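Descriptive analysis of the structure
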Amino acid sequence: MNGYSELISSIEESRTMAISSLVKKLQSEGKNVLSFSAGEPDFPTPEFIKQAAIKAINENFTRYTANEGYAPLINAIIQKFAKENNLEFKPQNILVSAGAKHSIYNLIMALCNPGDEVIFQSPYWVSYPEMVKLAQSTPVIIDAEVEQEYKVSPAQLEKVITPKTKIFLFNTPSNPTGSVYSKEEILALAEVLKNKEHIYIVSDEIYEKIVFDGEEHFSIGSIDYLKDRTITINGVSKAYAMTGWRIGYAAGDAGIIKLARNLQSHSTSNAASISQAAALAALTQESDEIEDMIKKFKERRDFIYEALNKVKGVKCPLPKGAFYVFYDVSSYYGTKVNGYNINDSSSFCNYLLTEESVGLVPGVAFGNDKCVRMSYACSFEDLTDGLERITRALSKLN
Ligand SMILES: Cc1ncc(COP(=O)(O)O)c(C=O)c1O
């Protein structure tokens with residue numbers, strides 16, 4: 001007994017961040033580690049956004065802003081939702097936070113009472129279960145398998161709803177799988193939620209802009225009968241290569257947003273003023289750089305998907321968005337080589353990291369121990385080299 005908080009002691013460190021730190025440590029020791037663990041674009045932030053931040057500094061936009069966010073940014077967010085997502089909001093419906101992670105945390109805390117249930121799917125984004133536990137609530141997880149392209153069916157959702165369900169936490173395009181729910185699939189899930197007035201929907205749309213093959217992102221909150229119960233989360237991290245700037249936002253019912261604002265006012269106050277000025281430029285200025293970035297992601301996605309599907313024993317559905325491939329390697333479980341026993345996603349990743357210096361994230365971090373996640377937010381050269389190393393390592397397993 002050390003007397004520390006039992007609640008915080010029950011929370012695990014973010015495994016994706018832990019792996020990134022380990023890879024960085026190995027690299028600093030001089031090892032030629034190829035890391036495919038990053039959850040962020042490898043491109044620099046576009047120049048026009050950086051210039052907006054520099055201007056903000058030069059103009060001394062360096063003080064606290066309003067707790068909920070700088071008014072022009074809030075207006076830009078309202079315009080963005082109206083133009084791109086068919087969502088109508090007023091300033092009181094918006095909260096700007098230090099990243100979408102912070103927005104989701106604030107919202108879960110604002111909605112949940114101890115003992116409430118929060119439904120989401122596995123594979124899930126690493127932080128969802130821990131955030132739910134921090135709200136003293138219970139994660140209720142639906143397994144979405146590789147055979148269903150990692151997407152939950154309406155019947156699966158229906159089955160886990162109880163009177164204690166408080167939130168359906170929904171993420172499309174998805175991290176870690178890259179799956180994108182179509183409009184029809186979302187409408188079918190919405191139908192299940194239609195008469196369940198006690199359930200809020202928190203819709204994490206942070207990868208919205210990174211979709212391929214003509215897929216169109218659809219916001220569940222634009223469905224008329226769900227709009228009052230949906231809180232839509234987005235941010236600038238992924239679409240504008242701005243992970244380090246830490247700007248995310250939430251939009252929904254003014255009463256809930258007010259609670260989230262209050263919570264934020266006693267923890268971090270406002271998101272950084274300079275980052276808000278940069279986010280304003282990102283949301284309001286047209287630029288080809290974003291389209292170029294998405295085009296490059298697609299080329300890499302095509303390459304990695306094709307190459308992986310040639311590797312014996314690997315099952316990889318075609319990801320339609322984000323910048324990850326999430327593939328099933330469980331056919332290698334039970335194999336051995338050089339003292340390595342491969343029996344789960346952690347031992348698989350450990351083998352690849354120590355033998356071939358390739359950093360992947362074990363699927364167990366996302367609630368699916370049969371798979372691993374590989375980010376393709378890196379150069380073609382690294383992808384080609386990484387694929388060679390992976391193929392070589394797997395060919396030794398038997
Ligand atoms: C699904 C998902 N949601 C939210 C976030 C948080 O993004 P940020 O806090 O950088 O805005 C991430 C980041 O990895 C993510 O993958």
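The helix and strand tally for the chain stands at 13 helices and 14 strands. Rg of the C-alpha trace for the chain: 21 Å, near the compact-globule value of 21 Å for 398 residues, within the 12% margin. Along the first, second and third principal axes, the C-alpha set of the chain runs to 60 × 55 × 55 Å. Counting all 398 residues of the chain, 47% fall into the buried class.

Take the domain arrangement of the chain next. Taken as a whole, the chain is organised into domain 1 (6–44 + 288–395) and domain 2 (55–284). On a C-alpha basis, the centroid separation for the pair domain 1 and domain 2 is 26 Å. Listed per partner, the contact involves 35 residues of domain 1 and 32 residues of domain 2. Those elements that provide at least two residues to the side of domain 1 that touches domain 2 are α2 (15–28), α11 (288–308) and β9 (324–328). With six residues, α11 is the largest single contributor of residues to the side of domain 1 that touches domain 2. Split into classes, the residues belonging to the side of domain 1 that touches domain 2 amount to 18 nonpolar, eight polar and nine charged.

We now examine the site of the ligand. In the region of the ligand, 13 residues are neighbours, and Gly-99, Ala-100, Lys-101, Asn-175 and Ser-237 sit closest. Classifying every residue of the shell around the ligand by side-chain character gives three nonpolar, eight polar and two charged.

Because side chains alternate across strand β2 (residues 94–97), one face comprises the buried residues Ile-94 and Val-96, and the other comprises Leu-95 and Ser-97, equally buried. Pairing between β2 and strand β8 (residues 248–251): four bridges, direction antiparallel. Following the sheet pairing, Ser-97 is matched in β8 by Gly-248.

Turning to the environment of Leu-34, a few remarks are in order. Among the secondary structure elements, Leu-34 is positioned in strand β1 (residues 34–35). Residue classification places Leu-34 among the buried positions, given that 23 C-beta atoms sit within 10 Å. Each C-alpha atom, one on Leu-34 and one on Val-361, is 12 Å from the other, the two residues being 327 residues apart in sequence. Setting aside residues no more than four positions away along its own chain, Leu-34 makes contact with Ser-357, Val-358, Gly-359, Asp-382, Asp-385, Gly-386 and Arg-389.

Its place among the elements puts Glu-289 in helix α11. For Glu-289, a count of 16 C-beta atoms within 10 Å corresponds to the partly exposed category. The sequence separation of Glu-289 and Ser-345 amounts to 56 residues, and the corresponding C-alpha distance is 36 Å.

Bringing the sheet that holds β9 into the picture now. By way of backbone hydrogen bonds, the strands of a sheet pair with one another, either parallel or antiparallel. Taken together, the three strands give an open sheet; going across it, the order is β9-β14-β13, and neighbouring strands pair in antiparallel fashion. A strand with exactly one partner marks an edge of an open sheet, and here the two such strands are β9 and β13 (361–362).

This next bit is on the sheet that holds strand β5 (residues 165–171). Taken in spatial order, the seven strands line up as β2-β8-β7-β6-β5-β3-β4 in an open sheet, and their pairing is mixed. The sheet is open, and its two edges are formed by β2 and β4 (138–143), each paired on a single side. Taken over all neighbouring pairs, the strand axes of this sheet differ in orientation by 20° on average, direction set aside. Pairing between strand β3 (residues 117–122) and β4: six bridges, direction parallel. Looking at the pairing, Ser-122 lines up with Asp-143 of β4. Relative to β2, helix α4 (residues 71–85) is tilted by about 115°, and along the sheet it contacts β2 and β8.

Calculation rules
- Residues numbered from 1 in each chain as written.
- Predicted model: local features only at pLDDT ≥ 70, side-chain atom pairs only at ≥ 80, totals over all residues.
- Helix = DSSP H or I, 4+ residues; strand = E, 2+ residues; numbered from the N terminus.
- Rg over C-alpha atoms; globule rule 2.2 N^0.38 Å.
- Buried ≥ 20, exposed ≤ 12 C-beta atoms within 10 Å, placed from the backbone.
- Domains from an automatic or database assignment.
- Contact = placed C-beta atoms within 7 Å.
- Nonpolar A, V, L, I, M, F, W, Y, C, P; charged D, E, K, R; others polar.
- Near = placed C-beta within 6 Å.
- Pairing = 2+ DSSP bridges.
- Axes fitted to C-alpha atoms, helices over the stretch in contact; angles between N-to-C directions.

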